[in-house]
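# Structural overview for review
Here's the letter readout for the chains.
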Number of protein chains: 4
Amino acid sequence: MSRGNTRQRIQDVALELFAEQGYEKTSLREIAEQLGVTKAALYYHFKTKEDLVSSIFQDLAVGPVDELIAWAEENRPTTLETKLEILRRYSARLSQSASVFRFMHENQAALRELSIGDQMKSRIFSLLNLIKDSDAPLADQVRCASALFTMHSTLFVLEGAAGGPDEKRKAALEVAEELVTSAHHGGDA
Amino acid sequence: MSRGNTRQRIQDVALELFAEQGYEKTSLREIAEQLGVTKAALYYHFKTKEDLVSSIFQDLAVGPVDELIAWAEENRPTTLETKLEILRRYSARLSQSASVFRFMHENQAALRELSIGDQMKSRIFSLLNLIKDSDAPLADQVRCASALFTMHSTLFVLEGAAGGPDEKRKAALEVAEELVTSAHHGGDA
Amino acid sequence: MSRGNTRQRIQDVALELFAEQGYEKTSLREIAEQLGVTKAALYYHFKTKEDLVSSIFQDLAVGPVDELIAWAEENRPTTLETKLEILRRYSARLSQSASVFRFMHENQAALRELSIGDQMKSRIFSLLNLIKDSDAPLADQVRCASALFTMHSTLFVLEGAAGGPDEKRKAALEVAEELVTSAHHGGDA
Amino acid sequence: MSRGNTRQRIQDVALELFAEQGYEKTSLREIAEQLGVTKAALYYHFKTKEDLVSSIFQDLAVGPVDELIAWAEENRPTTLETKLEILRRYSARLSQSASVFRFMHENQAALRELSIGDQMKSRIFSLLNLIKDSDAPLADQVRCASALFTMHSTLFVLEGAAGGPDEKRKAALEVAEELVTSAHHGGDA
DNA sequence: CATGAATGAGGATTCATTCAT
DNA sequence: CATGAATGAATCCTCATTCAT
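Residues numbered from 1 in each chain as written. Chains lettered and ligands numbered in written order. Predicted model: local features only at pLDDT ≥ 70, side-chain atom pairs only at ≥ 80, totals over all residues. Heavy atoms only, no water.

A separate point is the interface of chain A and chain B. Of the residues lining the interface, 42 residues belong to chain A; the matching set on chain B comes to 42 residues. Carbon and sulfur atoms supply 60% of the area buried between chain A and chain B, which totals about 3,300 Å² over both sides. Across the chain A-chain B interface, the total number found is 8 salt bridges. For R143(B), the salt bridge is made with E174(A), and the minimal N-O distance between the two is 3.9 Å. Joining chain A to chain B, the criterion identifies 11 residue pairs in polar contact (both at pLDDT 80 or more). Only α1 (6-21), α6 (98-106), α7 (108-112), α8 (115-131), α9 (138-153) and α10 (165-188) of chain A provide two or more residues apiece to the side of chain A that touches chain B. The element that contributes the greatest number of residues to the side of chain A that touches chain B is α9(A), accounting for 10 residues. Class assignment of the residues belonging to the side of chain A that touches chain B gives a composition of 16 nonpolar, 11 polar and 15 charged. (Contact = heavy atoms within 4.5 Å. Buried area = accessible area lost by both parts, 1.4 Å probe. Salt bridge = Lys/Arg side-chain N within 4 Å of Asp/Glu carboxyl O. Polar contact = N/O pair within 3.5 Å; in protein donor to acceptor, adjacent residues only side chain to side chain. Helix = DSSP H or I, 4+ residues; strand = E, 2+ residues; numbered from the N terminus. Nonpolar A, V, L, I, M, F, W, Y, C, P; charged D, E, K, R; others polar.)

Across all of its chains, the model carries 64 salt bridges over all chains by this definition. E81(B) is paired through a salt bridge with R88(B); the nearest N and O atoms lie 3.2 Å apart. Between R169(C) and D166(C) there is a salt bridge, and its shortest N-O distance comes to 3.2 Å. Of the two residues, R169(C) and D166(C) both sit in helix α10 (residues 165-188), 3 residues apart, roughly one turn of that helix. Overall, the relative accessible area of 24% leaves R169(C) in the partly exposed class. For D166(C), a relative accessible area of 39% translates into the label partly exposed. Within the structure, one salt-bridge network assembled from shared partners comprises E81(A), E85(A), R88(A), R89(A) and E177(A). (Buried < 20%, exposed > 50% of the residue type's maximum accessible area, 1.4 Å probe, protein only.)

This part takes up the relation of the copies chain C and chain D. It takes a turn of 180° to lay chain C on chain D, together with a shift of 0.0 Å along the axis; the resulting RMSD is 0.1 Å. Both chain copies can therefore be described as sitting about a two-fold axis. A shared binding surface is used by both copies, with 98% of the interface residues of chain C retained as interface residues in chain D. (Least-squares fit on C-alpha atoms with pLDDT ≥ 70 in both.)

Another point: the relation of the copies chain A and chain B. The two copies are related by a screw motion: chain A maps onto chain B through a turn of 180° and a shift of 0.1 Å along the axis, at an RMSD of 0.1 Å. An overlap of 98% is found between the interface residues of chain A and their copies at the interface of chain B, pointing to a shared contact surface.

Okay, the interface of chain C and chain D next. Facing 41 residues of chain C, the contacting portion of chain D comprises 42 residues. Across the interface of chain C and chain D, roughly 3,300 Å² is buried in total on both sides, 60% from carbon and sulfur atoms. A salt bridge links K25(D) to E113(C); the shortest N-O distance between them is 3.6 Å. Between chain C and chain D we count 13 residue pairs in polar contact (both at pLDDT 80 or more) in total. Element by element, the count of residues in the side of chain C that touches chain D is highest for helix α9 (residues 138-153) of chain C, at 10 residues. Along the lines of polarity and charge, the residues of the side of chain C that touches chain D split into 16 nonpolar, 11 polar and 14 charged.

Residues and elements named next belong to chain D. Structurally, L84 can be placed in helix α5 (residues 80-96). Taking the C-alpha atoms as reference points, L84 and R7, separated by 77 residues in sequence, lie 37 Å from one another. Those residues within four positions of L84 in sequence are excluded, and the remaining contacts are E177, V180 and T181.

DNA strand E sits among 35 residues. The nearest are T38(A), Y43(B), T38(D), Y44(D) and H45(D). A distance of 2.7 Å separates a sugar or linking oxygen of DNA strand E from a polar atom in the side chain of T38(A). In this structure, K49(C) approaches DNA strand E through a side-chain N or O atom, which is 2.8 Å from a phosphate oxygen. Of all the secondary structure elements, the ones that give two or more residues to the surface near DNA strand E are α3 (39-45) of chain A, α2 (28-35) and α3 (39-45) of chain B, α2 (28-35) and α3 (39-45) of chain C together with α3 (39-45) of chain D. Of the residues belonging to the surface near DNA strand E, the class tally is 14 nonpolar, 13 polar and 8 charged. (Near = heavy atom within 4 Å.)

Turning next to the nonpolar core. Counting 129 residues, the largest nonpolar core has I31(A), F57(A), I31(B), F57(B) and Y90(B) as its most contacted members. F57(A) has contacts with V62(A), G63(A), V100(A), F103(A), M104(A), L111(A), I116(A) and M120(A), leaving out every residue within four places of it along the chain. Membership of the second largest hydrophobic core comes to 128 residues, among which are M151(C), A172(C), L84(D) and M151(D). (Core = buried A, V, L, I, M, F, W, Y, C linked by side-chain atoms within 4.5 Å.)

Turning our attention to the UniProt feature "DNA-binding region" (unreviewed entry) in chain A. Under the present numbering, the feature "DNA-binding region" (unreviewed entry) in UniProt falls on residues 27-46 of chain A. Here residues 27-46 of chain A is 75% helix and 0% strand, with 14 Å between the C-alpha atoms at its ends. (UniProt positions renumbered as here; feature names shortened; annotations may be inferred.)

In structure tokens:
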């Protein structure tokens, strides 16, 4: 039945548990139990716990974001329209891999000393630098950072408010576009 | 030698380590060692590790935010000017207790199952509800949430960018005010 | 209000908790808390935890049993009637200090390495030796031991059966008398 | 080196130490040390300390007694001869697993809050109910309880008296039979 | 591919006890 | 008489990891 897709199944279950309970609170025993295999089996597929979590990020977050960055770099110089397209594409990535990003957001302390933490951080900085202008007034830089964070946060905030996940995503994107546009104008004017 | 200020010293050192390394990665042994006391001494002052972290939040975050909420509730109905004043006061609180809020932000997964996690969450929701209008369009609600998150995030993002902490705080406040104002107008128009 | 009777109050509360939860499971903190005093206060009245439990036994078990043994030794040689009187008196002691004896019975392992354990053991052996005849057949010796244990056990067994505590005590005494009488006859015949 | 019998070896050493020192005074460290393994090895085989002690009881006490109860229930209605046979079989079980029963007897307080405590208690009650008649006079009920306790106690009392363990066992059985017979006649007459 | 068995390091917590005030 | 503050030693237990089979 399971033919070589074990690796994938481990990642799936692990992500689910990591997102639910946090990285540190989720033990390999738990993951193995939920899969119906032995802890040792996990070690056949992944060298360490860190290796497991890294592979998840690599596939679901680092890779996609790298593609986005590559695309943006091909489209230099970065016009406002390009910036807005970055936001749109990023928003799409975000909702595709919502649980990884949620996990990242809620476990920053735990991820900080994992190499993957730095990797993600540098990607997001790259993205931010594509959107904002380093010479712009501080407030404009905040606007751009805020644009990114707004899309992140909306993934798991506003539970109370009406609207399905996709409506919320669109609203967040709208606000983000507005913020970046405003920062861009700020630079222009 | 120590004159009744031990409790306070424990809280200080604990917060420092919690913020630096994360809640789960910081052991009571470490805190005790840094203080030059025994683990058991910590247990004389705090019933559990959770109790310790809770007391820190209570003093530095829950208390101050409660005061702010109380003030806001005395000034009903909430005009735009009141909302902006809430932002200003919140921004001040935030920078006074920056490390607690940073800690909170980076350890959401760990705090989730601590009672203090729920407490903080409910406070922030209260604040959000004072600022936003539940009947407003979704985008406006996102604007208000974003205003809060912007002030939070700016505490520990934009390391690269120029400007001292206070300038960043002011810039964040400016953006937050803008977002809330925009959401308010949105409701009006 | 409390004038020098603190010692007594400590003993009372301690016995209650020891009997309820066992010796090892009952901490001095617990005793102090229930009394509304500090652990350190207990140490003013009793040198150690062992000292506390010993004092309780001394007052409620060792002393009374010693009196009984003294009485029996004054009434040598030990006729059957004397033996039966020993049983009656012992039965009375037992129900007066039921909780100490129950505690003793259920915590033999814990008491074994406390000096008071040996003390109690030697008292009960003395009592047994007054009742049984060392030259008698083994079965008769068992009868006499059984007589004592019957009275002990009935203190906290037969919860299901009808009858108030005093009726049970009388029934136990009756059976005990029978056993000792039978052992005595056995020696005679 | 060790061939799958580790689990058994742990149980053996644990029982020995539990019986010698009591449940609470015996730490897992001690058990592990005596076996020449790590504490963690114990946890591979038994989920908790309670689980370890339970497994010992299950194998050596609960199981055998359950068989005895099952046998007795097949031989309803319970004649006097059946009752005596129960005593004989129980006596045999008792001396086969003497240390478990001794341990049980001396650690009642500790076992009380372990699920295995309740289990054993209910077994002994079942046994008692097979032997005694609930409508009989209280004294007869005491006789039957006493029969059981006599066999229990003789396992570790009467150290001073002459006779090997098997002679003591037989003497105890004799007295127990007598008590139950007497209680049975009491009901008849 | 995977398991069974084990380890070493470390976690939070509890306890009896002490002593200066 | 009693407390507040602290200690040292021990407790049970969990975890990531390893390795022979």
